[in-house]
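A structural walkthrough
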Amino acid sequence: MRKKFKFSQVITPTGRMGKRGKEMDHLQVFEPGEILTENGMIIEAGEKTGDADYTEEHFGLIAIPGLVDAHNHLVYGGKRVEEFEMKLRGVSYMEIARAGGGIKSTVKATREASREELLAQSLRRAFYMLKNGTTASEAKSGYGLNLEDEIKQLEVARELGEKFPMDIVPVFLGGHDIPPDMKKEDYLTLLEKEVIPEVAGRKLSRYFDAFCESGVYDTTDIERMFRAAKDYGFKLRLHTEEFTHMGGIPLAVEYGAVSVDHILFADEKDIKLLGRSETAAVIMPTVSFFLRMEKYAPARRIIDEGGLVALGTDLNPGSSPVESLFFAMWFAVFKLNLTMEETITAATINSAHVLGIAETNGTLEKGKKADFIVLDVEDYREIFYRPSETHIVKVYKEGREVFGIEPYLREMGM
Ligand SMILES: [Zn+2]
């Protein structure tokens, strides 16, 4: 059935590729706007579209593309709220680690959780992502850190994508940390000999990701993992320059990585390199907020140099228990100094580009999935001008309403 949706405004980036530099600042605005869909796909978006069997009119509301979260660890066991309180009370990182906190506690909880428990916990988080407008997301592994539990996390991510109305791109984060029960050298060998071949063989992920950080893996270790992963056809991503300058960016670019993520400590050379390379910069500003850091990633400079910037929540129990990508978008405007248009581009088509789904997601155009969110604002700039609320009224996934507050509004005569 053909369905037509009418709005006061429809805004969208355009195209099937990520946007770089100045291109990021451009959005298509239809005022009024319509979206014509059939079988969950967009036939046309514009000021006026074709005939439909059924029309839904939303005067005074706008539509934007469903958000795409480019960096997300939503499949994990447990939570770390006690640790959060300890930090607020001034307990040091080392003391927290001695008390069994930190990433190692999440590894333990993830390993102990059954597949069903892990799926149930992840589903609840995914619901809050969807409620806040995310219709596609990455889901990383990396809390298993052994063959069995990395596979468990990736299979749960896949199942989540099958059961829940959200496109999920599983990413194998085999190099997230050194397992608590292994020496680094032994784990690197295990990755090369067993885990990477097995994940590739089972086709659980097309991406390999790792964490380049002082006390975790240095560039020599990362290069070793990248070589092994590349041999098995994985595309590469890298968490790097998050807390120290590691030299991960030139390495990732040399290996043709899809993205470098975090990059708070990127220097001028790194910024210029990203300005002219195919490797995207994925930024998660809510991590700086949550860890109460003054420093934010140089996203503005990277765009000015012509680079491609995408946004993620980094949803994880330690440094960003944040489900809402809108929350990251507000920080992009207020702390990263991106324009409102660049921010929307970063959270839609550019994130879709990083996840390899830009052909089908990230814009409202013919041939793409009918994933869009309806906001109770008259003008898209109000998304940032009134930043305490998303103002989401409905979320559509492939033309189907998957979240809505309209009945409540109607009851109140609004
Ligand atoms: Zn991460």
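Scroll up for the structure.
Structural notes, computed from the coordinates. (Residues numbered from 1 in each chain as written. Predicted model: local features only at pLDDT ≥ 70, side-chain atom pairs only at ≥ 80, totals over all residues. Heavy atoms only, no water.)

**Overview of a nonpolar patch on the surface**
Keep this limit in mind: Residues with no salt bridge and a relative accessible area higher than 30% make up the patches, which join like charges within 9 Å and nonpolar side chains (Val, Leu, Ile, Met, Phe, Trp, Tyr) within 5 Å. Each accessible area value is a Shrake-Rupley result obtained with a 1.4 Å probe; residue values ignore everything except the protein chains displayed when judging cover. Each salt bridge in this description consists of a side-chain nitrogen of Lys or Arg and a carboxyl oxygen of Asp or Glu lying within 4 Å of one another. Relative accessibility thresholds used throughout: buried, under 20% of the residue-type maximum; exposed, over 50%; partly exposed, between the two (1.4 Å probe, protein chains only).
Nonpolar side chains collect at one region of the surface, where Val-81, Phe-84 and Leu-88 lie side by side and expose about 260 Å² of accessible area between them. Judged by its relative accessible area of 48%, Val-81 is partly exposed.

**Things to note about the side chain of Glu-341**
This is how the line gets drawn: Comment: elements are numbered from the N terminus, with helices defined as DSSP H or I runs of at least four residues and strands as E runs of at least two. Should any heavy atoms of two residues lie within 4.5 Å, those residues are considered in contact.
Tracing the chain through its elements places Glu-341 in helix H13 (residues 340-346). Beyond its immediate sequence surroundings of up to four residues, Glu-341 is in contact with Met-24, Asp-25, Leu-27 and Tyr-380.

**A short note on the packing of aromatic side chains**
Put simply, the rule is: Each Phe, Tyr or Trp ring, with Trp reduced to its six-membered ring, pairs with another whose centre is within 6.5 Å; inter-plane angles below 30 degrees give stacked pairs, above 60 give edge-to-face pairs, and intermediate values give tilted ones. Should the NZ of a Lys or the CZ of an Arg lie within 6 Å of a ring centre and within 35 degrees of the ring normal, that charge is described as sitting over the ring.
Counted under the stated rule, the structure contains 17 aromatic pairs. For the ring pair Phe-326 and Trp-330, a centre distance of 6.2 Å and an interplane angle of 40 degrees mean the geometry is tilted. Placement of the pair is Phe-326 and Trp-330 together in helix H12 (residues 325-334), with a separation of 4 residues, close to one helical turn. With respect to class, Phe-326 is no different from Trp-330; both count as buried. Through pairs of rings, three or more aromatic residues link up here, namely Phe-289, Tyr-296, Phe-326, Phe-327, Trp-330 and Phe-331. Over the ring of Tyr-76 we find Arg-125; its NZ or CZ atom is 3.5 Å from the centre of that ring. Over the face of the ring belonging to Phe-265 we find Lys-295, whose NZ or CZ atom lies 4.8 Å from the ring centre.

**Describing unusual backbone geometry**
The omega angle of the peptide bond from Glu-31 to Pro-32 is 0 degrees, so this bond is cis rather than trans. Tracing the backbone through its elements, the reader meets Pro-32 in the loop between strand S2 (28-30) and strand S3 (33-38). Positive phi is not limited to glycine here, since Asn-337 has a value of about 65 degrees. Mapped onto the secondary structure, Asn-337 falls in the loop between H12 and H13. The phi angle at Glu-398 is positive, at roughly 45 degrees, despite the residue not being glycine. Mapped onto the elements of the fold, Glu-398 is located in the loop between strand S15 (392-397) and strand S16 (400-404). For Glu-398, a relative accessible area of 35% gives the class partly exposed.

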